[in-house]
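# Secondary and tertiary structure notes
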Amino acid sequence: MTQHDPTPLASTDGPAAAGSGAVAGRTLHLRAAGVSLVVDVPTTSVPVVVHWGADLGDLSERQLDDLVASGRPARSNNDLDVPQPARLLPETSWGWSGRPGLSGHRAGAAWSTRFVPTAVHVETGTGGGGRLQVDCADGTAGLGLVLELELLPSGLLRHRATVTNTGADGYEVADLALSLPVPVVATEVFDLAGRWAKERIPQRRPLTFGAHVRENRRGRTGPDAPLVLAVGTEGFGFRRGEVWAQHTAFSGNHRSVVERLNSGTTTLSGGELLLPGEVLLAAGESYRSPWVFGAWSDAGLDGIAARFHEHLRARPHHPGSPRPVVVNTWEAVYFDLDLDKLLELARAAAEVGAERYVLDDGWFRHRRSDDAGLGDWYVDEGVWPQGLHPLVDGVRALGLQFGLWVEPEMVNPDSDLARAHPDWILRSGDRLPLESRQQQVLDLGNPDAYAYVLERLDAVLSEYEISYLKWDHNRDLVEAGSGPVRAPGVHAQTLAVYRLFDELRRRHPGVEIESCSSGGLRVDLEVLEHTDRVWASDCIDPLERQDIQRWTLQLLPPELIGSHVGASPSHTTHRSSDLSFRAGTAFFASFGIETDLTRLSADEREELARWVTLYKDVRGLLHTGTLVRADDVDPSFRVHGTVAPDGSDALFAVVQTGTPDGSVPGRVRLPGLLPQAEYEVTAQEPGHDPAVRGGRDLPWLASGVRLTGRALEAAGVVAPAMQPQQLLLLRVRRA
Ligand code: DGJ
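Predicted, not measured: the structure shown is a model, and the values here were computed from it.

Another point: the overall build of the protein. If you tally the helices and strands in the protein, you get 13 helices and 41 strands. For the protein, whose C-alpha radius of gyration is 27 Å, the value lies close to the compact-globule estimate of 27 Å for 735 residues. The C-alpha extent of the protein, read off along each of the three principal axes, is 80 × 70 × 50 Å. In the protein, buried positions account for 61% of the 735 residues. Long-range pairs, those at least 24 residues apart, make up 69% of the contacts in the protein between residues at least 6 apart in sequence. Measuring between centres, the 71 positive side-chain charges of the protein sit 3 Å from its 97 negative side-chain charges.

Here you go:
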């Protein structure tokens, strides 16, 4: 029996859908998509997660009580007299020796809290899962706390906290982090690192005592953001092992931590990283943390990705229209903007089947290179005597949507804006931050600066038929002080840009926004609440992109990840590659082209057009299917694909990225299909290089084979001998 007050939790909505949730005593059991979340809500403290993992089935009230009772920590020598479990918001007042959930103080006092629930609200979701809200107070510290915890229909979990200063004088929130416990079976840690043009580098290590802390102080999500911080059973892979993962959904400074205490308790936690004095709450003011997401799966990292993808795809504002083929001008012409040339490029874009044309950097006043003009968001009259109208009209007359590049948070010191409003630049004291790409950051926490940027963007969007903004952000925030005393301003800046996105979308409802920040440096689940696509990296060398996309997919589904066919040699790496490798790489994303099409040969344009046709043909599958990444593949190969939700269709890529020790890849396993169903496997044109076309010495490739999903996963098919930077597409259709 539970020792807590048996008064049932207040249920604030109608009857629960079958299997979606049950409240017994003060223990809540939420279930969704194969996940159980059991939360004990004591009367004396913030909640305790008793179980987060595999679905436990229907549990009676007594069984839930027993689950709580049997989960209480055992007492060991030199321990607290009554050992304490990990709580959603760990507090030192409960003897917690790890990182506390809330750090703060009131002029040196109120630094240790003991929150007690004052109200509990439960809503069970009709699609599975549900929501728990626990309102708490600490009268001594003069603080209120609202904890929100949701199990979403995808089986993904998210939680956040709001702290309110109920005292009479100021309270500083120094840190607020939400925690989830993970069981001792998790012994390995996995996350991502990265740098500009090589974002999303996987790293793995044993889960040892202490904390693995991933902190970001760049003022933007960063190339080195963990994206997901995962722990799991030994050897967990793409498709095997039990994994618990965390994502902190914030585009400013943030933190993700896995911590193992000597008690053996392991927690995954996350939150915003606050700078000194950044959040000072006056009486009655509140601070709300970002959402921190949790994902559990017993099917490895693909199982984790599937939960994030399902969640994102279920959002009402998830892009619903087919993801258009984009042509972007950046790597085609850079700053060399000439109307005739741009129209020629647009005609070539239309010829290969593109659907959206994006004018990149360089269209506004003083912007002839990257060292001037940012902030002067007026069409440059010298370059565009008739404004952008001839280009916009010309592009639209060809049947393409028109998109425009902007970088609204930034300002070049060499700009009319910086000269007129030097006080609008984020800085600490009298010192200007070190420049990066010859630019500084506008203080969007300053209402006048915010109003200027909003007015300018609104004016441009109102004057032209623009369907799409590519929204760039090309530098870290350094010494980002805001307001009269130049207090730390990253928090306010981050919320201001979210507001700016939302206000522009409200005023211009059809406009989609791409989050581009030097490529993939602002990729997180909160920015995607305000935008529609991310530009995954400034590197479009397909060899690098194979892995950048492979790991960006860990969080985002392919339809949200921009990927373009570039030139050969690549502009960022100078590596050369065949068109089939470039196109077959960009293909498994939101596809586009970013090279001077007018300089391609007729043959190349014709080949590219065939890729565009195939993309249009299969984007429904690519952008609704389930991600599959095969384990145990030779390190010189990647095998990935997408399988339709009903298992009727799939497209796989066998990609050779390096030079294997053996000369051929051997049998390649194609997992994720319906085990009993029979499939026809054929080579998908134009998705393999002429060198392997026709299945030279590999008759099955020429004729196709029929095998069950089980056989394709367990035995696989022999892939042809290829060279580094070649790929083969396999279409796998239910027979
Ligand atoms: C960085 C972006 O990632 C590029 O794609 C391009 O838009 C440049 N900025 C333009 O300055």
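We are not done yet, so read on.
What follows covers the side chain of Arg 307. With respect to the helices and strands, Arg 307 occurs in helix H2 (residues 300–313). For the buried Arg 307, no salt bridge is present, and the opposite-charge side chain at shortest range is Glu 310, 5.8 Å distant. Ignoring any residue separated from it by four or fewer positions in sequence, one finds Arg 307 in contact with Ala 33, Val 35, Ser 154, Gly 155, Leu 156 and Trp 296.

All right, on to the sheet that holds strand S23 (residues 356–359) then. With respect to topology, eight strands assemble into a closed barrel ordered S22-S23-S24-S27-S30-S31-S32-S33, the strand pairing being parallel. Along the sheet, successive strands turn relative to each other by an average axial angle of 30°, direction set aside. With three bridges connecting them, strand S22 (residues 326–328) and S23 associate as parallel partners. Bridge pairing in S23 links Val 327 to Tyr 357.

Averaged over all residues, the pLDDT of the protein is 94; the fraction at 70 or higher stands at 95%. In this model residues 1–25 is a low-confidence stretch, pLDDT under 50, and it forms 55 contacts with partners more than four residues away in sequence or in other chains.

Around the ligand there are 13 residues in total, and Asp 360, Asp 361, Lys 470, Asp 472 and Asp 538 lie nearest to it. Interatomic distance of 2.6 Å between a side-chain N/O atom of Asp 361 and an oxygen atom of the ligand.

On to the pattern of salt bridges. In total, this model carries 51 salt bridges according to the counting rule given. One salt bridge in this structure joins Arg 507 and Glu 503, with 2.7 Å as the shortest N-O distance. Residue Arg 507 and its partner Glu 503 are both found in helix H8 (residues 490–507); the two are separated by four residues, about one turn of the helix. The buried category is assigned to Glu 503, whose relative accessible area is 17%. Between Arg 638 and Asp 547 there is a salt bridge, with its nearest N and O atoms 2.8 Å apart.

The next point concerns unusual backbone geometry. Each neighbour pair has its own omega, and for Ser 568 with Pro 569 the value is 0°, a cis peptide bond. Looking along the chain, the bond that leaves Glu 685 and enters Pro 686 is cis, with omega of -5°. One non-glycine residue with positive phi stands out, namely Ala 197, at about 70°. Of note, Ala 197 is situated in the loop between strand S12 (188–195) and strand S13 (198–206). What makes Ala 197 buried here is its relative accessible area of 10%.

Hydrogen bonds between backbone atoms are what pair the strands of a sheet, whose relative direction is either parallel or antiparallel. Pairing within the open sheet is antiparallel, and its three strands lie in the order S5-S10-S19. Of all the strands in the sheet, just strand S5 (102–105) and strand S19 (279–281) have a single pairing partner and so form its edges. Across the sheet, the mean angle separating the axes of adjacent strands is 30° when strand polarity is ignored.

The next thing to look at is the packing of aromatic side chains. Considering all chains together, one arrives at 17 aromatic pairs under this definition. Pairing Phe 364 with Trp 377 gives two aromatic rings, centres 4.4 Å apart and planes at 45°, and the pair type is tilted. A residue pair is termed long-range when its members are at least 10 positions apart, and Phe 364 in the loop between S23 and helix H5 (389–397) and Trp 377 in the loop between S23 and H5 qualify at 13 residues. The pair formed by Phe 364 and Trp 377 is uniform in burial state, with each residue classed as buried. Summarising the aromatic geometry, the rings of Phe 587 and Trp 611 are spaced 5.5 Å apart at their centres and angled 70° between planes, so their arrangement reads as edge-to-face. Separated by 24 residues along the polypeptide, Phe 587 in the loop between helix H10 (579–586) and strand S33 (590–593) and Trp 611 in helix H11 (residues 602–622) bring together distant segments of the chain. Taken together, the ring pairs connect Phe 587, Phe 588, Phe 591, Trp 611 and Tyr 615 into an aromatic cluster.

If you look at the biggest cluster of nonpolar residues, it comprises 128 residues, and the most contacted ones within it are Tyr 357, Leu 359, Trp 363, Trp 471, Phe 587, Phe 591 and Leu 597. Of all the elements, H11 adds the most residues to this core, at nine residues. Leaving out residues up to four positions away in the same chain, Phe 587 has contacts with Trp 611, Leu 614, Tyr 615, Val 618, Leu 622, Leu 651 and Leu 729. Counting residues in each nonpolar core, the second largest holds 48 residues, with Leu 88, Leu 132, Val 182 and Leu 229 among its members.

Before going further, it helps to examine the packing of H10 against H11. At a minimum axis separation of 11 Å, H10 and H11 run at an interaxial angle of 25°. Here H11 runs roughly parallel to H10, going by the angle between their axes. Judged by the sense of rotation from one axis to the other, the crossing of H10 with H11 is right-handed. From H10, Leu 579, Ser 580, Ala 583 and Gly 584 reach across to H11, where they touch Glu 604, Glu 607, Leu 608 and Trp 611.

Moving on: the pairing of strand S3 (residues 35–40). The element S3 is largely enclosed, with a buried count of six among its six residues. Pairing of strand S2 (residues 27–32) with S3 involves six bridges; the strand directions are antiparallel. When the sheet's bridge partners are listed, His 29 is paired in S3 with Val 38. Counting the residues in the hairpin turn of S2 and S3 gives two residues, including Ala 33, whose phi is positive at 50°. In this structure, S3 lies alongside strand S4 (residues 48–54), joined through six bridges in antiparallel fashion. Within S4, the residue paired with Val 35 across the bridge is Ala 54.

About the thresholds
Residues numbered from 1 in each chain as written. Predicted model: local features only at pLDDT ≥ 70, side-chain atom pairs only at ≥ 80, totals over all residues. Heavy atoms only, no water. Helix = DSSP H or I, 4+ residues; strand = E, 2+ residues; numbered from the N terminus. Rg over C-alpha atoms; globule rule 2.2 N^0.38 Å. Buried < 20%, exposed > 50% of the residue type's maximum accessible area, 1.4 Å probe, protein only. Contact = heavy atoms within 4.5 Å. Lys, Arg positive; Asp, Glu negative; His and termini not counted. Charge placed at Lys NZ, Arg CZ, Asp CG, Glu CD. Salt bridge = Lys/Arg side-chain N within 4 Å of Asp/Glu carboxyl O. Pairing = 2+ DSSP bridges. Axes fitted to C-alpha atoms, helices over the stretch in contact; angles between N-to-C directions. pLDDT = per-residue confidence, 0-100. Near = heavy atom within 4 Å. Polar contact = N/O pair within 3.5 Å; in protein donor to acceptor, adjacent residues only side chain to side chain. Phe/Tyr/Trp six-rings, centres within 6.5 Å; stacked < 30°, edge-to-face > 60°. Core = buried A, V, L, I, M, F, W, Y, C linked by side-chain atoms within 4.5 Å. Parallel < 35°, antiparallel > 145°, perpendicular 65-115°, else oblique. Left-handed = near helix turned anticlockwise from the far one by under 90°.

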